[in-house]
Amino acid sequence: MDVVLIIMVLLLVGAGVVLWLRGRQSSGPGARPAASRSRPQPAGPLPGPQATVTLDIDAADPDNASVQRLVRDAASRTFRVSPDVKSVTVQNRAGIRLGTVERHQDVSGPGVVAPEMPQRPPRRAARLRRRPVTGGAAEEEAVPKRTLADRFDLPDAVLATVRRPDDAVDVIRAILEAAQLPVEVHENVIRSGDDAVIVASLAGGSAADALSRAFLRFQKSGASQGVVVSLGYLDPRDVRRRHALAPNLHYSGLSAIQRMADAVALGADPLKFATEPGTDG
């Protein structure tokens, strides 16, 4: 009986020593504090990561329509290529914040044209609509068709020199000239210094054929870098494959026209905005 009692006393003493040592370790230098049970826990999932995008512009007015479009466009492309990003902050080259867009927000807006935009408006000079006339039969009046140029918010300096508003090549030519850049046009290729913009039309073949023809035209142009502006749908997988084979040639939809026009309106280089990052990356 005495032996059992001694053993129990020794066990109790040993347990007390262990507890004392643990207390010393938890309160010593560099010890990790115990979590507080009273600390409130976040409801639902933790906030996702944020991204910051810098636009190569000096403009600092977040209310400017061109700035707003470029902010939405930059956020939309970031969300597309980075599925985990929940919020995008866009700033100018000086680091001034131009806007923050959350993923759940609608980043589309006026003047933002999807790459899937049809090749050209319907081929008709005008459509007729009936206008009621007091005391008589309804009259028909011609409503001018909406040209390709009409689908974008173009600065006055660009509109003043557009000669063929239904021709994407001529619209891009007018944008580059409004930025006082050197411009040479050869069919569907617009050359400006070492850069080239090639307009890829779907006429006479598939989208893949159009991009292949655009690549050959780019090689023939002698430009060191370029961007293909497609008038039809761009298959992301096909574009990534083509860009991997020729990294100096990028691809974009008609949204490139609005970005370049907005760059001109803000005094920036439109060629820097012709490329759509994330489309061919």
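Each chain carries its own residue numbering, running from 1 in the direction its sequence is written. This being a predicted model, a pLDDT of at least 70 is required before a residue's local features are given, and a value of 80 or more before pairs of side-chain atoms are given or counted; all residues contribute to the totals for chains, interfaces and linings. To obtain the side-chain values, all non-hydrogen atoms of the structure were used and water was disregarded.

### A short note on the overall build of the protein
Selection criterion: Helical segments are the DSSP runs of H or I of at least four residues, strand segments are the runs of E of at least two, and each set is numbered from the N terminus. For every residue, the accessible area (1.4 Å probe, protein chains only) is compared with the maximum for its type, and the residue is labelled buried under 20%, exposed over 50%, or partly exposed between those bounds. By definition in these notes, contact holds between two residues if any of their heavy atoms fall within 4.5 Å. Every accessible area reported is derived by Shrake-Rupley at a probe size of 1.4 Å, with residue values counting cover from the shown protein chains alone.
Each helix and strand in the protein was counted, giving 7 helices and 10 strands. Every one of the 281 residues in the protein was classed for burial, and the buried ones make up 36%. Of all intrachain contacts in the protein linking residues separated by at least 6 positions in sequence, the fraction that spans at least 24 positions is 55%. Carbon and sulfur atoms make up 55% of the accessible area of the protein, which amounts to about 16,900 Å² in all.

### As for unusual backbone geometry
In this model, Gln 180 sits at a positive phi of 60°, which is unusual for a non-glycine residue. If you trace the backbone, Gln 180 turns up in the loop between helix H4 (168-178) and strand E6 (184-186). A residue is classified by how much of its surface remains accessible, and Gln 180, at 73% relative accessible area, is exposed. Although it is not a glycine, Glu 187 sits at a positive phi angle of roughly 55°.

### Notes on the confidence of the model for the protein
The test is simple: Confidence of the prediction at every residue is given by pLDDT, a number between 0 and 100.
For the protein, the mean per-residue pLDDT works out to 78, and 67% of the residues sit at or above 70. Across the protein, the element-wise mean pLDDT spans from 47 in helix H1 (residues 2-27) up to 98 in H4. Low confidence marks residues 24-47, where pLDDT is under 50. Its contacts with residues over four positions away, or in another chain, come to 2 contacts. Here residues 109-128 is modelled with pLDDT under 50, and outside its nearest four sequence neighbours on either side it reaches 46 contacts, counting other chains as well.

### Describing the sheet that holds strand E1 (residues 50-54)
What counts is decided by this rule: For two strands to be treated as a pair, DSSP must find at least two bridges joining them. An axis is simply a line fitted to the C-alpha atoms; with a helix, the fit covers only the stretch in contact. Between two such axes, the angle follows the N-to-C directions and lies from 0 to 180 degrees.
Spatial strand order, E1-E2-E3: 3 strands in an open sheet with mixed pairing. Single-partner strands in this sheet number two, and they are E1 and strand E3 (97-102). The average angle at which neighbouring strand axes cross in this sheet is 20°, direction not considered. Relative to the sheet, helix H2 (residues 65-81) contacts E1, strand E2 (87-91) and E3, its axis offset from that of E3 by approximately 45°.

### So, the pattern of salt bridges
Our working rule: We count a salt bridge whenever a side-chain nitrogen from Lys or Arg sits within 4 Å of a carboxyl oxygen from Asp or Glu.
Within the structure shown, the criterion is met by 16 salt bridges. Of the charged contacts, one joins Asp 58 and Arg 93 as a salt bridge, the two residues approaching to 2.9 Å between their closest N and O atoms. On the criterion of sequence distance, the pair formed by Asp 58 in the loop between E1 and H2 and Arg 93 in the loop between E2 and E3 is long-range, its members being 35 residues apart. Accessibility expressed as a relative area gives 54% for Asp 58, which makes it exposed. For Arg 93, a relative accessible area of 43% puts it in the partly exposed group. Where Arg 237 meets Asp 235, a salt bridge forms, and the shortest distance between an N and an O atom there is 3.7 Å. For Arg 237, a relative accessible area of 63% puts it in the exposed group. By relative accessible area, Asp 235 is classed as partly exposed at 29%.

### So, the pairing of strand E8 (residues 195-200)
Taken across its 6 residues, E8 has 5 buried, putting it largely inside the fold. Relative to E8, strand E7 (residues 189-192) runs antiparallel, the two sharing 4 bridges. For Ser 192, the partnering residue across the bridge sits in E8 and is Asp 195. In this antiparallel pair of consecutive strands, E7 and E8, the connection spans 2 residues, and Gly 193 shows a positive phi of 65°.

### Observations concerning the packing of H4 against helix H7 (residues 255-265)
Packed helices, taken two at a time, are described by their axes: the angle between them and the distance between them. Under the convention used in this document: Small angles under 35 degrees read as roughly parallel and large ones over 145 as roughly antiparallel, with 65 to 115 read as roughly perpendicular and the rest as oblique. Here is the rule for handedness: rotate from the far helix to the near one, and if that takes an anticlockwise turn smaller than a right angle the crossing is left-handed, while a clockwise turn gives right-handed.
Between H4 and H7, the shortest axis-to-axis distance is 9 Å and the interhelical angle comes to 20°. Judged on the interaxial angle alone, H7 and H4 are roughly parallel. In the packing of H4 onto H7, the handedness of the crossing is left-handed. Across the interface between the two elements, Ala 168, Val 171, Ile 172, Ile 175 and Ala 178 of H4 pack against Ile 257, Met 260, Ala 261 and Val 264 of H7.

### Topic: the side chain of Ser 221
How we decide: Side-chain atoms alone can form a polar contact between residues adjacent in sequence; in general such a contact is a pair of N or O atoms within 3.5 Å, and within protein one must be able to donate a hydrogen while the other accepts it.
On the secondary structure map, Ser 221 appears in helix H5 (residues 207-221). Here the side chain of Ser 221 touches Ala 223 through a polar contact of 3.2 Å, landing on its backbone nitrogen. Discounting chain neighbours no more than four positions away, the residues touching Ser 221 are Val 189, Arg 191 and Ala 196.

### Here's the deal with the sheet that holds E7
With respect to topology, 5 strands assemble into an open sheet ordered E6-E7-E8-E9-E10, the strand pairing being mixed. Among the strands making up the open sheet, the edge pair consists of E6 and strand E10 (249-252). Pairwise comparison of adjacent strand axes, ignoring direction, gives a mean angle of 20° for this sheet. Sheet topology note: the strand E9 (residues 225-230)/E10 ladder contains 4 bridges and is parallel. Bridging from a neighbouring strand, Val 228 pairs with Tyr 251 of E10.

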